[in-house]
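# Coordinates in review
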Amino acid sequence: MTDIPSPNTPAGTLPLGVLLRGLLWAGTTVAIFSGWFVVTRFGMAHHMGVWDVMALRFGGGALLLMPVLLLPAHRLPARAWAEGLLLAVLWGGPFVYLVALGLQLTSVAQVATTTPPLMPVFAGLIGWWLLREKPGLPRLIGYGVIIAGIATLFVSQLQARGMPRLDGVVVLILAAILWALYTLRFRRSGLNAIQAAALICFWSALFFLPVYYFAGLSHLNEAPMQALVFQMVYQGCLMSAVAIVTFNRAVTLLGAGAAAAIIALIPCLATLLAVPFLGEVPSLVDAMATGAIALGVIFAARPTPSKPAQTAP
């Protein structure tokens, strides 16, 4: 599409149509990810382990997106396959494993209020450090507000549930860093949204599924059929195909900084969904902290001119 900006296009010059489409793609990603943490934890409560979740996600995604890689019309050069391998390392198996491990060690609330909100902060700071892309004052203010909101939620959860496991928190921070690096790298990869999603699933499945099978890591036969089908649809289709594509489109249209910032809305949406579906009404402190994160996103996602990238990560 001719109206898709290049990686070096100043964000402040985005046409209105591109901006609106980018926000739509980002919003779809937020909606899918908001449910992913709950769905993954649900699977683990029904006799599935971390390895089963990864197998369903990347095995299903690889099958669904394989035509993108095999059809002659979509034939990719060797460099694209190598780039896809790097993206798979950043946002494929290692990322899913860290998030799933974090869910086992902490809680859905802890994961949702740690990894997604921290990802845009790391993306902005790493981009500033490696790519010399100074975020600008509004975006820096947004990052500060997001961090303040996360800290408030952490203290509130600490008072309500006790101290979370430190190793679980470290795992979630590492997941946020991998996600941030992926966000910065994808827009410079030369791949479109669907190609990147297909390559991530392909490489992740290629390296993981043989180990999963021959090492006897599967517990899928112990899971109820309804839970198994539900996980296959959500993990293999929505997460591996739809969410990766929608997030990649958002990064392409909005830029890494703005798209990453919008992802910080995940805990806000998850909190709202918990009211009608789980009957969990947030405390006043939690509601205020969630509102602060949303306010930080508004600042952090504002289009601001940036310098051209000088160094690729």
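The shown structure was predicted, so the numbers you read here are calculated from the model rather than taken from an experiment. (Residues numbered from 1 in each chain as written. Predicted model: local features only at pLDDT ≥ 70, side-chain atom pairs only at ≥ 80, totals over all residues. Heavy atoms only, no water.)

## A word on the packing of helix 2 (residues 50-70) against helix 10 (residues 225-254)
If you want to describe how two helices pack, look at the angle between their axes and the distance between the axes. For the pair helix 2 and helix 10, the least separation of the axes is 8 Å and the interaxial angle reads 60 degrees. For the element pair helix 2 / helix 10, the angle class is oblique. When you trace helix 2 past helix 10, the crossing you get is right-handed. Contacts from V53, L56, R57, F58, G60, G61, L64 and L65 in helix 2 reach L228, Q231, M232, Q235, G236, C237, M239, S240, A241 and I244 in helix 10. Of the residues assigned to the contact of helix 2 with helix 10, the class counts are eleven nonpolar, six polar and one charged. (Axes fitted to C-alpha atoms, helices over the stretch in contact; angles between N-to-C directions. Helix = DSSP H or I, 4+ residues; strand = E, 2+ residues; numbered from the N terminus. Parallel < 35°, antiparallel > 145°, perpendicular 65-115°, else oblique. Left-handed = near helix turned anticlockwise from the far one by under 90°. Contact = heavy atoms within 4.5 Å. Nonpolar A, V, L, I, M, F, W, Y, C, P; charged D, E, K, R; others polar.)

## A look at the nonpolar core
Counting residues in hydrophobic clusters, the biggest one holds 95 residues, and the most contacted among them are F33, W36, F37, W179 and Y182. By residue number, the principal contributor to this core is helix 9 (residues 193-214), which donates twelve residues. With residues near it in sequence (within four places) discarded, W179 still touches F33, L90, W91, F95, T115, P116, M119, F247, I263 and I266. (Core = buried A, V, L, I, M, F, W, Y, C linked by side-chain atoms within 4.5 Å. Buried < 20%, exposed > 50% of the residue type's maximum accessible area, 1.4 Å probe, protein only.)

## Here we look at unusual backbone geometry
Positive phi, normally seen in glycine, also occurs at R132, with a value near 60 degrees. Within the element layout of this structure, R132 appears in the loop between helix 6 (115-130) and helix 7 (137-161).

## A look at the pattern of salt bridges
On inspection of all chains with the given rule, the structure shows three salt bridges. Residues D167 and R165 are paired through a salt bridge, measuring 2.7 Å at the closest nitrogen-oxygen approach. Take R165: its relative accessible area is 46%, and that puts it in the partly exposed class. (Salt bridge = Lys/Arg side-chain N within 4 Å of Asp/Glu carboxyl O.)

## Remarks on the packing of aromatic side chains
Where two aromatic rings form a pair, the distance of their centres and the angle of their planes describe that pair. Scanning all chains against the criterion turns up 23 aromatic pairs. On the numbers, 5.6 Å between centres and 25 degrees between planes, the contact of W91 with W179 is stacked. Pair noted here: W91 is in helix 3 (residues 78-91) and W179 is in helix 8 (residues 166-186), with a separation of 88 residues, a long-range link. Each member of the pair W91 and W179 is classed as buried. Residues W91 and Y182 carry aromatic rings whose centres are separated by 4.8 Å and whose planes lie at 25 degrees to one another, so their mutual orientation is stacked. With a gap of 91 residues between them, W91 in helix 3 and Y182 in helix 8 connect regions that are remote in the sequence. There is no split in this pair, since W91 and Y182 are both buried. A network of ring pairs unites the aromatic residues F33, W36, F37, W91, F95, W179, Y182, F186 and F247 as a single cluster. One cation-aromatic arrangement involves R57 over W36; the distance from NZ or CZ to the ring centre is 5.2 Å. (Phe/Tyr/Trp six-rings, centres within 6.5 Å; stacked < 30°, edge-to-face > 60°. Lys NZ or Arg CZ within 6 Å of the ring centre and 35° of its normal.)

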